[in-house]
Amino acid sequence: MLCLSLLCFSLLPQTPAPERPNIVLILADDMGFSDLGCYGGEISTPNLDQLAADGLRFTQFYNTSKCFPSRACLLTGCYAQRVGMDSQPVSLTAGVTLGEVLSAAGYRTLMSGKHHGTENLFDRGFERCFTLRDGACNHFNPGPRREGEPAPAQKRAGRTWCFDGKTVQPYAAPDDFYTTDAFTDNALGFLAARESGEARPFFLYLAYTAPHDPLQAWPEDIARYKGVYDDGWQPIRKARYRRQKEMGLLGESVGLSDAEFGDWEKLDPNARATEARRMEVYAAMVHCVDRNVGRLIKMLKARGDWENTLILFASDNGASSEVVEIGEGEIGAIDRWSSQKGRWANVSNTPFSKYKNFSHEGGISTPLIAHWPAGIAARGEFVRTPTHFIDVLPTLLELAGGRYPERYEGTEVIPADGVSFAPLLEGKSLERAEPLYWSWGRGAAIRQGRWKIVRSRAKGAAWQLHDMEVDRTESTDLAGSQPERLAAMITLWEAWRNAQ
Ligand SMILES: [Ca+2]
């Protein structure tokens, strides 16, 4: 008997496998690569910086360059084209969602924030939902005008919201409503509602709408950034690049792409003031996201969930050059819908070129912070392996001990496109058989090892070829000098695109 016990003991693993983690997936909206302090930004983001210092920062994590396709990739582990989200935000036509697979794996599945589709995620595996079903909304009031307030500036009036099984349109938000705070309030409410002794781990998808336009923030947050941007785009961009190099985020070879803005001094004083205000409000929105992440951290600690919760933080696309101006109010206020626009977006996307909607690095690169005290041994290190939003579902499913289904509710499920990056969290390498693909509008790209081809959105734009190991900022086009490689990669992209 003793021998048998010893034998059994010797067969046990030396260290017990950690319990399945709780998972919090936090998304920012239209936030650039360099906005967070831990990615080189001057914006104060102490909570996210601390997560990075105690976890991992990915240097080549990719989205799709556009809101709803990114979210479709994230939810399904498939390219947006394969689940019906190629050109319009509609309902997912194939695949399974993170809510469905993690629910099947025994998780409590919670969603607070923006979905950007036409279905209610309550019907797609999330058991609690406080969801902006549509795209961007007025941050202070997404619904009808409230008494004693100016009419909220609206791009599209009457956004649709889903509260668990109930669909509401328009949503009459309370007086003190602000999206980032409200999404956090509801997420914390969902976590607080768990019964003590709840055996199931939880999965929280917290999808903020900041700093997507309209540029709107609390006056006290805007006031923190008064004067910070008065010297214009260039000093801020250069300082961000310098910090990125100093912290080791960018390798030796990564240069600074050519600026896509003109001379600040050529603006008249009024225009400079307006432009500075634009970035003050944008910074305030990012600051507010960080403060709310701090509220979440506080609750995880208070409830004893801190050690075994994996937190991931990313943005759904690069900063945006889109121009939107609606309303007569001051930039930042409820009655004005204004956007960041290309010049500051170029700064937000430091050191890269281009913006949201482009398949260039400025459009598709996002920070990814991964923090998990019980599961990630590394502290403050960088992961430099290319990874993509399609990899999130396979990763989370592996960590949850779940299985990707062949059939779901009687219907055959298409295989996921992504691969699990769980090995990267342990300092191991990632095996990926296929290249990474991008297609949004006329913009397109493939990343195959060190090589990337990219095509701009302009009609008739030619493909460019870049060596990402030495030219991450896509400054030197090798298309002319390596025509065979270029042709082979174009063929690959076209075959992928035609198969969708
Ligand atoms: Ca977005």
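Because the structure is a prediction, the values reported are computed rather than measured.

Any chance you could explain the sheet that holds strand 18 (residues 451-455) here in plain terms?
Neighbouring strands of a sheet are bound in pairs by backbone hydrogen bonds; such pairs are parallel or else antiparallel. Strand order in the open sheet formed by four strands is 16-17-18-19, and the pairing between neighbours is antiparallel. Strands with a single pairing partner mark the edges of an open sheet, and in this sheet they are strand 16 (436-440) and strand 19 (463-467). The mean angle between the axes of side-by-side strands here comes to 10°, regardless of whether they run parallel or antiparallel. In terms of strand pairing, strand 17 (residues 443-448) meets strand 18 through five bridges, oriented antiparallel. Within the sheet, the bridge partner assigned to Arg447 lies in strand 18 and is Lys452. Contacting strand 16, strand 17, strand 18 and strand 19, helix 13 (residues 483-498) runs over the sheet at an angle of about 70° to strand 16.

Before we go on, may I ask you to explain the domain arrangement of the chain in this structure?
When the parts of a complex come together, some accessible area is lost, and that lost area is often taken as the interface size. Taken domain by domain, the chain holds domain 1 (18-430) and domain 2 (434-500). Across the boundary between the two partners, domain 1 contributes 31 residues, which contact 26 residues of domain 2. Among the residues of domain 1 in contact with domain 2, Tyr79, Gln81 and Ser359 are the three that bury the most area, contributing 25% of the side total. Our enumeration of links across domain 1 and domain 2 arrives at three salt bridges. Residues Glu361 and Lys452 are paired through a salt bridge, measuring 2.7 Å at the closest nitrogen-oxygen approach.

I'm lost on the environment of Asp467 in this one. Help?
Checked against the element boundaries, Asp467 lands in strand 19. Given the relative accessible area of 8%, Asp467 is considered buried. As a C-alpha pair, Asp467 and Ala499 span 32 residues in sequence and 26 Å in three-dimensional space. Excluding residues that lie within four positions of it along the chain, Asp467 makes contacts with Arg450, Trp451, Arg472 and Leu478. Separated by 2.8 Å, the side chains of Asp467 and Arg450 make a polar contact.

In this structure, what is going on with the state of the cysteines? I would like to understand it.
Working definition: the covalent bond between the sulfur atoms of two cysteines is a disulfide. Within the structure shown, the criterion is met by zero disulfides. Free of any disulfide, Cys162 has its nearest cysteine sulfur in Cys129, 7.5 Å distant. Residue class for Cys162 comes out buried when judged on its relative accessible area of 1%. Cys288 forms no disulfide, and the closest cysteine sulfur to it belongs to Cys137, at a distance of 13 Å. Take Cys288: its relative accessible area is 1%, and that puts it in the buried class.

Where do I start with empty space enclosed by the protein in this structure?
Vacant regions in the atomic arrangement are exposed by a probe of water-molecule size rolled over the atoms. Evaluated as defined, the whole model comprises two cavities of 30 Å³ or more. Taken as a whole, the largest cavity spans an internal volume of roughly 70 Å³. If you go around the largest cavity, the residues you meet are Thr64, Pro69, Tyr79, Ala80, Gln81, Asp86, His388, Tyr437, Trp438, Ser439, Trp440 and Trp496. Sort the elements by how many residues they give to the lining of the largest cavity and strand 16 lands first, with four residues. Across the lining of the largest cavity, the residue classes break down as seven nonpolar, four polar and one charged. Both of domain 1 (18-430) and domain 2 (434-500) provide at least three residues apiece to the lining of the largest cavity. In this structure, the second largest cavity spans a volume of roughly 40 Å³.

Would you mind showing me how to read the coordination of the calcium ion here?
A metal bound by six donors in octahedral fashion has ideal angles of 90 or 180 degrees, whereas one bound by four tetrahedral donors has an ideal angle of 109.5 degrees. The protein atoms donating to the calcium ion are Asp29 (OD), Asp30 (OD), Cys67 (SG), Asp316 (OD), Asp316 (OD) and Asn317 (OD1), with metal-donor distances spanning 2.2 to 2.6 Å. The motif formed by the donor residues of the calcium ion, counted along the single chain, is D-D-x36-C-x248-D-N. On the criterion of sequence distance, the pair formed by Cys67 in helix 3 (residues 67-76) and Asn317 in the loop between strand 8 (309-315) and strand 9 (325-326) is long-range, its members being 250 residues apart. Like Cys67, the residue Asn317 is buried in the burial classification.

What should I look at first to understand the pairing of strand 18 in this one?
Counting buried positions along strand 18 gives four out of five residues, so the element sits mostly inside the fold. Turn length for the strand 17-strand 18 hairpin, with the two strands adjacent in sequence and antiparallel, is two residues, and the turn residue Gly449 shows positive phi of about 60°. Looking at chain direction, strand 18 and strand 19 are connected through five bridges and run antiparallel. The residue bridging Arg455 from the neighbouring strand is Trp463, located in strand 19.

When you look at the environment of His212 in this model, what are you seeing that I'm missing?
Here His212 lies in the loop between strand 7 (202-207) and helix 6 (219-223). Taking relative accessible area as the criterion, His212 reaches 4% and is therefore assigned buried. C-alpha separation for the pair His212 and Glu494, spaced 282 residues apart in sequence, amounts to 32 Å. Every residue in contact with His212, bar those within four places of it in the chain, is listed here: Asp29, Asp30, Cys67, Lys114, Ala136, His139, Met285 and Lys356.

Would you mind showing me how to read helix 7 (residues 233-246) here?
For the α-helix, the turn length of 3.6 residues means that residues three or four positions removed from each other point alike. The end-to-end C-alpha distance of helix 7 is 20 Å, a good match for the 20 Å that 14 residues give at a rise of 1.5 Å each. Among the residues of helix 7, those classed as buried are Trp233, Ile236, Arg237, Ala239, Arg240, Tyr241 and Gln244. Its buried side turned inward, helix 7 meets helix 8 (269-302) and helix 9 (341-348). Just past helix 7, the residue Gly248 takes up positive phi, approximately 85°.

Rules used throughout
- Residues numbered from 1 in each chain as written.
- Predicted model: local features only at pLDDT ≥ 70, side-chain atom pairs only at ≥ 80, totals over all residues.
- Heavy atoms only, no water.
- Pairing = 2+ DSSP bridges.
- Helix = DSSP H or I, 4+ residues; strand = E, 2+ residues; numbered from the N terminus.
- Axes fitted to C-alpha atoms, helices over the stretch in contact; angles between N-to-C directions.
- Contact = heavy atoms within 4.5 Å.
- Domains from an automatic or database assignment.
- Buried area = accessible area lost by both parts, 1.4 Å probe.
- Salt bridge = Lys/Arg side-chain N within 4 Å of Asp/Glu carboxyl O.
- Buried < 20%, exposed > 50% of the residue type's maximum accessible area, 1.4 Å probe, protein only.
- Polar contact = N/O pair within 3.5 Å; in protein donor to acceptor, adjacent residues only side chain to side chain.
- Disulfide = S-S within 2.5 Å.
- 1 Å grid on protein atoms, 1.4 Å probe; cavity = no way out; pocket = protein on both sides within 12 Å on 5 of 7 lines; lining within 4 Å.
- Points joined across faces, edges and corners; volume = space filled by probe spheres on them.
- Nonpolar A, V, L, I, M, F, W, Y, C, P; charged D, E, K, R; others polar.
- Donors = N, O, S within 2.8 Å, 3.2 Å for Na, K, Ca; no water.
- Expected span 1.5 Å × (residues − 1).

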